[in-house]
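Fold and geometry: a report
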Amino acid sequence: MLEAIDGAKISVRLEMYIFHSGGIGDQFRDALIRACQRGVRVHVLIDALGSIALAESFWTTLQTSGGHFRWFNRLSLAHLGMRNHRKSLVCDEAIATVGGFNIAPVYQGDGLAAGWRDFGLKISGPLAQHLAAAFDEMFAIAESKAKPFAPLRKSRQSKIVSVREAELLLSVPGRTRNPMKRALRMDLGRARDVQIICAYFLPNWRIRRDLLRVVRRGGRVQLILAGKSDVPLSRLAARSFFTRLLRGGIEIYEYQPQILHAKMFIIDKAVYAGSSNLDTRSLELNYELLVRLTEPKTVEEARLMFSGDLPHCEKIDLELWKKTRTFWDQLKGRWAGFLLARVDPYFSRRKWK
């Protein structure tokens, strides 16, 4: 990403949920400043809640150098629960990066000896142009005065953009149909081989049913979930589903070496990568993006990555799970799921209204 910024000649667009100052954050800011000094148009969009610890003065030098910075959704009770969870970098509308990682020290490392486990995807060609257009729409509404969140009613930003062997799936909060859920469920509806790596796993009952149906028709479903998480409540909620999923024949593995933050869904001959988890917040409350790719070499590469992570996971055995699962464990899991899947959406939607 730093090389792409240093090589940019026309424009740089950076969109992040979490951005930390110091270390790698300073390296990115300095690279952006150098781009401005070369005459490159630089735009930076950072979520105000995700980067609550970041001072606005951090970007002063960038702005005095000609760059443009905006907070997405400045902190207010009215729209506190609506966040821009997308992570993308687009340079010259030709090269782009998307993924699950933010810009912070915890993402540095190999995911084994050090650093959280996460994935990124480098994109070139027409899809990068569409990512640039999606960024511009988000940047335009970030500080709109008249109707800052008109997308809540009906949005053209929630859409699927198709190019050769790839699709860009963009979702927004509100009453608009979610293209990510639609695409995932369509693929799951006929799938035979599903491999999912997901940091925060709290899918609705329809997606859980779709996963179980894959096994019932003779297919295979493997899940790599977080053995260590930065959001313990999310891990508790995910574990509340384990018994039902295991009984249905789904294989569940928990990644052990480091905190798992990756999001990658492989369904037969398609792979999804981007910012979205399979949880209520990603699928209903956040601005998110996923890229769906069907190019055979890319899908094969994703499957090799999945296979490479399996040896670092602990497989959950159904019989042992049932023996060691206490009533207190079950109660905590149910309450965690209730808070994340019911209480959080309820209060977020009330604030939108």
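Residues numbered from 1 in each chain as written. Predicted model: local features only at pLDDT ≥ 70, side-chain atom pairs only at ≥ 80, totals over all residues. Heavy atoms only, no water.

Details of the overall build of the protein chain
The number of helices and strands found in the protein chain is 12 helices and 15 strands. The C-alpha radius of gyration computed for the protein chain amounts to 20 Å, which stays within 12% of the reference 20 Å derived for 353 residues, consistent with globular compactness. In terms of principal-axis extent, the alpha carbons of the protein chain reach across some 60 × 45 × 35 Å. Considering the protein chain as a whole, with its 353 residues, one finds that 54% of them fall into the buried category. (Helix = DSSP H or I, 4+ residues; strand = E, 2+ residues; numbered from the N terminus. Rg over C-alpha atoms; globule rule 2.2 N^0.38 Å. Buried < 20%, exposed > 50% of the residue type's maximum accessible area, 1.4 Å probe, protein only.)

Here's the deal with unusual backbone geometry
The phi torsion at Glu165 lies on the positive side, around 60°, for a residue other than glycine. Residue classification places Glu165 among the partly exposed residues on the basis of a relative accessible area of 32%. The phi dihedral of Asp268 is positive, around 55°, even though this residue is not glycine. Exposure remark for Asp268: the relative accessible area of 25% places this residue in the partly exposed category.

Some points on the pattern of salt bridges
For the structure on display, the rule yields 19 salt bridges. Among the salt bridges present, the one from Glu254 reaches Arg235, with a minimum N-O distance of 3.3 Å. With Glu254 in strand β11 (residues 251–255) and Arg235 in helix α7 (residues 232–239), this residue pair connects regions lying 19 residues apart in the sequence. In this structure Glu254 comes out as buried when scored by relative accessible area, which is 2%. In this structure, Lys322 engages Glu319 in a salt bridge whose closest nitrogen and oxygen atoms are separated by 3.6 Å. Of this pair, Lys322 and Glu319 both sit in helix α11 (residues 318–324), three residues apart, which is roughly one turn of that helix. Judged by relative accessible area, which is 44%, Glu319 ranks as partly exposed. (Salt bridge = Lys/Arg side-chain N within 4 Å of Asp/Glu carboxyl O.)

A short note on the sheet that holds strand β10 (residues 220–226)
Taken together, the nine strands give an open sheet; going across it, the order is β7-β8-β14-β13-β12-β9-β10-β11-β15, and neighbouring strands pair in mixed fashion. Looking along the sheet, the strands with just one partner apiece sit at the ends: β7 (159–163) and β15 (313–315). Averaged over all neighbouring strand pairs, the angle between strand axes comes to 15°, with direction disregarded. Contacts from helix α4 (residues 126–142) reach β7, β8 (166–171) and β14 (288–293) within the one sheet, and its direction differs from that of β8 by about 10°. Running over the sheet, helix α5 (residues 179–188) touches β7, β8, β9 (193–198), β12 (263–267), β13 (270–274) and β14 and is turned about 135° from β8. (Pairing = 2+ DSSP bridges. Axes fitted to C-alpha atoms, helices over the stretch in contact; angles between N-to-C directions. Contact = heavy atoms within 4.5 Å.)

With respect to helix α10 (residues 296–309)
Its 14 residues give α10 an end-to-end C-alpha distance of 20 Å, which sits within 8% of 20 Å, the value for a rise of 1.5 Å per residue. Buried within α10 are the following residues: Val299, Ala302, Arg303, Phe306 and Asp309. For α10, the angular spread of buried residues about the axis comes to 120°, placing them on one side. α10 presents Pro296, Lys297 and Leu304 as exposed residues on the side facing more than 90 degrees away from its buried surface. Where α10 begins, one side-chain oxygen reaches toward the backbone nitrogen of Lys297, 3.1 Å away; that side chain belongs to Glu295. (Expected span 1.5 Å × (residues − 1). Arc of directions from axis to C-beta. Polar contact = N/O pair within 3.5 Å; in protein donor to acceptor, adjacent residues only side chain to side chain.)

A closer look at the layout of surface pockets
Computed from the structure, the largest pocket encloses a volume of approximately 560 Å³. If you go around the largest pocket, you meet 27 residues; those closest to its centre are Tyr17, Val231, Asp279, Arg281 and Asn286. It is helix α12 (residues 327–352) that contributes the most residues to the lining of the largest pocket, five residues altogether. Tallied by class, residues from the lining of the largest pocket come to 10 nonpolar, 10 polar and seven charged. (1 Å grid on protein atoms, 1.4 Å probe; cavity = no way out; pocket = protein on both sides within 12 Å on 5 of 7 lines; lining within 4 Å. Points joined across faces, edges and corners; volume = space filled by probe spheres on them. Nonpolar A, V, L, I, M, F, W, Y, C, P; charged D, E, K, R; others polar.)

Topic: the pairing of strand β1 (residues 11–16)
Counting buried positions along β1 yields six of six residues, so the element is predominantly enclosed. On β1, burial covers both faces: Ser11, Arg13 and Glu15 on one face and Val12, Leu14 and Met16 on the other are all buried. Strand direction decides the pairing type here: β1 and strand β2 (residues 41–47), joined by six bridges, are parallel. Among the inter-strand pairings, Met16 is bridged to a residue of β2, identified as Ile46. Read as a crossover between parallel neighbours, the route from β1 over helix α2 (residues 24–37) to β2 is right-handed. Here β1 runs beside strand β4 (residues 88–91); their pairing, made up of four bridges, is antiparallel. Bridging from a neighbouring strand, Val12 pairs with Cys91 of β4. (Right-handed = clockwise from strand over helix to strand, strands pointing away.)

Considerations on the nonpolar core
Val194, Phe201, Leu211, Leu223, Ile250 and Ile252 are the most contacted members of the largest nonpolar core, which totals 38 residues. Beyond its immediate chain neighbours, meaning those up to four positions away, Ile250 contacts Leu211, Leu212, Val215, Val221, Leu223 and Leu245. Ala96, Met264, Leu289 and Val291 belong to the second largest nonpolar core, which has 33 residues in total. (Core = buried A, V, L, I, M, F, W, Y, C linked by side-chain atoms within 4.5 Å.)

What to know about the pairing of strand β5 (residues 95–99)
For β5, the buried fraction is high: four of the five residues fall into the buried class. The pairing of β4 with β5 spans four bridges and is classified as antiparallel. Paired with Val90 across the bridge in β5 is Ala96. Taking the residues between adjacent antiparallel strands as the criterion, β4 and β5 are bridged by three residues, where Asp92 takes a positive phi near 60°. Pairing between β5 and strand β6 (residues 120–124): five bridges, direction antiparallel. Following the sheet pairing, Val98 is matched in β6 by Leu121.

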